[in-house]
Amino acid sequence: MSKRTVHFKIYRYDPDKDEKPYMQDISVELEASDKKLLDAMVRLKTKDDTLSFRRSCREGVCGSDAMNINGKNGLACLTDVDSLQQPITLRPLPGLPVIRDLIVDMTQFFKQYHSIKPYLVNNDPPPERERLQSPDDREELNGLYECILCACCSTSCPSFWWNPDKFVGPAGLLAAYRFLADTRDQDTNARLDNLEDPYRLFRCHSIMNCVDVCPKGLNPTRAIGKIKDMMVRRAV
Amino acid sequence: MVRRQPVGAHYGLKDWIAQRATAVFMAIYTIIFAVCTLTLSEFSYEAWSGLFSSGPFRFLSFLFFLSLFYHAWIGVRDIWMDYVKPDGLRLSLHLVTLFLLVGYAGWVAQILWRL
């Protein structure tokens, strides 16, 4: 790929200086080595160093650079810049308070994540080496533990937009099922009790926006379905 | 003073199952209704009202409307829960919906047993 110019339309807001947010039109010339959207944004930052966004690992592991790219949530570091229609419109993740430019306040998102107790609860004394699982039991955790908590899914979910303080959201519910599915966990009943609520779990109406945007290819809707399935099996 | 937001009403599963069960019943009734009306000997008011004079069909029709109203109660309440934030206003809308649907159920019984 040779040198080329890329046009951006970027949401800008600095609460110390700006009265209200605005969209900035800006272009940047990319080097041949700039392949991902994040490369282009880092290049852009050398031109305008007031542009703020989060990034860290630049390879889809840390989940810092989640943003709304041309109307769809995704990770800048995993998105090919040449696959995007120009001008590339960048906005912060929808539904969360903006701190500055593309940086959002994720407090509410992590509050919901913590509410499902995202850790193994086992009151037996720890064995000498490790708590074992059969390969079949371990298999059930695939597609659950890989979540990097980038918040692409929860911030694309209308139910989370309307009730971020009450609905756990797809990321939190995927993590909830990760521990419900774990045969080493002993807190299953309390975990199901914690979710059996018209808001916390049942705000999900399976519209699958979360599945559509997950940069890791995970399926929170399926995990939510399995939680409902567990509740039904417990009740009948 | 900060009002803390409590959650954990524990009726989510019951309503979720009820919504699905009522939907299944309505789908089955729709098929029965379609078959019964399409196989009428003649398309006239007498034949149509004759259909409703049979006890089981009237019973199934009444169950259909009860399912519809229960289904609608959960669905409409979901809308209020999503979009109406003030608790007092939400409760009032819940009650209005509930009273309307109970009223409709009585009205349906009156119509069905008058046919």
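Residues numbered from 1 in each chain as written. Chains lettered and ligands numbered in written order. Predicted model: local features only at pLDDT ≥ 70, side-chain atom pairs only at ≥ 80, totals over all residues.

**Section: the overall build of chain A**
Piece 1. In terms of helices and strands, chain A carries eight helices and seven strands.
Piece 2. Taken over the C-alpha atoms alone, chain A extends approximately 60 × 40 × 30 Å along its principal axes. (Helix = DSSP H or I, 4+ residues; strand = E, 2+ residues; numbered from the N terminus.)

**Some points on the domain arrangement of chain A**
Residue and element names in this part refer to chain A.
Piece 1. Partitioning chain A into structural domains gives domain 1 (4-104) and domain 2 (107-235).
Piece 2. Each of domain 1 and domain 2 was reduced to a C-alpha centroid, and the two centroids are 29 Å apart.
Piece 3. Opposite the 14 residues of domain 1 that make contact, domain 2 presents 14 residues.
Piece 4. Broken down by class, the residue content of the side of domain 1 that touches domain 2 amounts to eight nonpolar, five polar and one charged. (Domains from an automatic or database assignment. Contact = placed C-beta atoms within 7 Å. Nonpolar A, V, L, I, M, F, W, Y, C, P; charged D, E, K, R; others polar.)

**Topic: the interface of chain B and chain A**
Piece 1. Across the contact, 14 residues belong to chain B and 15 residues belong to chain A.
Piece 2. Of all elements in the fold, only α1 (12-38) and α3 (55-83) of chain B reach the threshold of two or more residues within the side of chain B that touches chain A.
Piece 3. Looking at which element gives the most residues to the side of chain B that touches chain A, the answer is α1 of chain B, with five residues.
Piece 4. When the residues that make up the side of chain B that touches chain A are grouped by side-chain class, the tally is eight nonpolar, four polar and two charged.

**Structural notes on the sheet that holds strand β4 (residues 72-75) of chain A**
All names here are of chain A.
Piece 1. Pairing within the open sheet is mixed, and its five strands lie in the order β2-β1-β5-β3-β4. Single-partner strands in this sheet number two, and they are β2 (22-30) and β4. Across the sheet, the mean angle separating the axes of adjacent strands is 35° when strand polarity is ignored.
Piece 2. Relative to strand β5 (residues 88-91), strand β3 (residues 66-69) runs antiparallel, the two sharing two bridges. Directly across from I69, in β5, lies its bridge partner L90.
Piece 3. Sheet strands in contact with helix α1 (residues 37-47) are β1 (4-12), β2 and β3, and its direction is about 100° off that of β2. (Pairing = 2+ DSSP bridges. Axes fitted to C-alpha atoms, helices over the stretch in contact; angles between N-to-C directions.)

**Regarding the environment of D105 of chain A**
Residue and element names in this part refer to chain A.
Piece 1. Here D105 shows up in the loop between β7 (103-104) and α2 (107-115).
Piece 2. For the pair D105 and C204, spaced 99 residues apart in sequence, the C-alpha to C-alpha distance is 23 Å.
Piece 3. Excluding its chain neighbours within four sequence positions, the residues that come into contact with D105 are L96, P97 and I99.

**Some thoughts on the packing of α2 of chain A against helix α5 (residues 169-180) of chain A**
Residues and elements named next belong to chain A.
Piece 1. Where α2 meets α5, the closest approach of the two axes is 9 Å, and the angle between their N-to-C directions is 20°. Considering their axes alone, α2 and α5 lie roughly parallel with respect to each other. Handedness of the crossing formed by α2 with α5: right-handed. Contacts from F109, Q112, Y113 and S115 in α2 reach G169, A171, G172 and A175 in α5.
Piece 2. Class assignment for the residues of the contact of α2 with α5 results in four nonpolar, four polar and no charged. (Parallel < 35°, antiparallel > 145°, perpendicular 65-115°, else oblique. Left-handed = near helix turned anticlockwise from the far one by under 90°.)

**With respect to the environment of N123 of chain A**
All names here are of chain A.
Piece 1. Turning to its location among the elements, N123 is positioned in the loop between α2 and α3 (135-139).
Piece 2. With 6 C-beta atoms packed within 10 Å, N123 lands in the exposed category.
Piece 3. Separated by 43 residues in sequence, N123 and D80 have C-alpha atoms that sit 47 Å apart. (Buried ≥ 20, exposed ≤ 12 C-beta atoms within 10 Å, placed from the backbone.)

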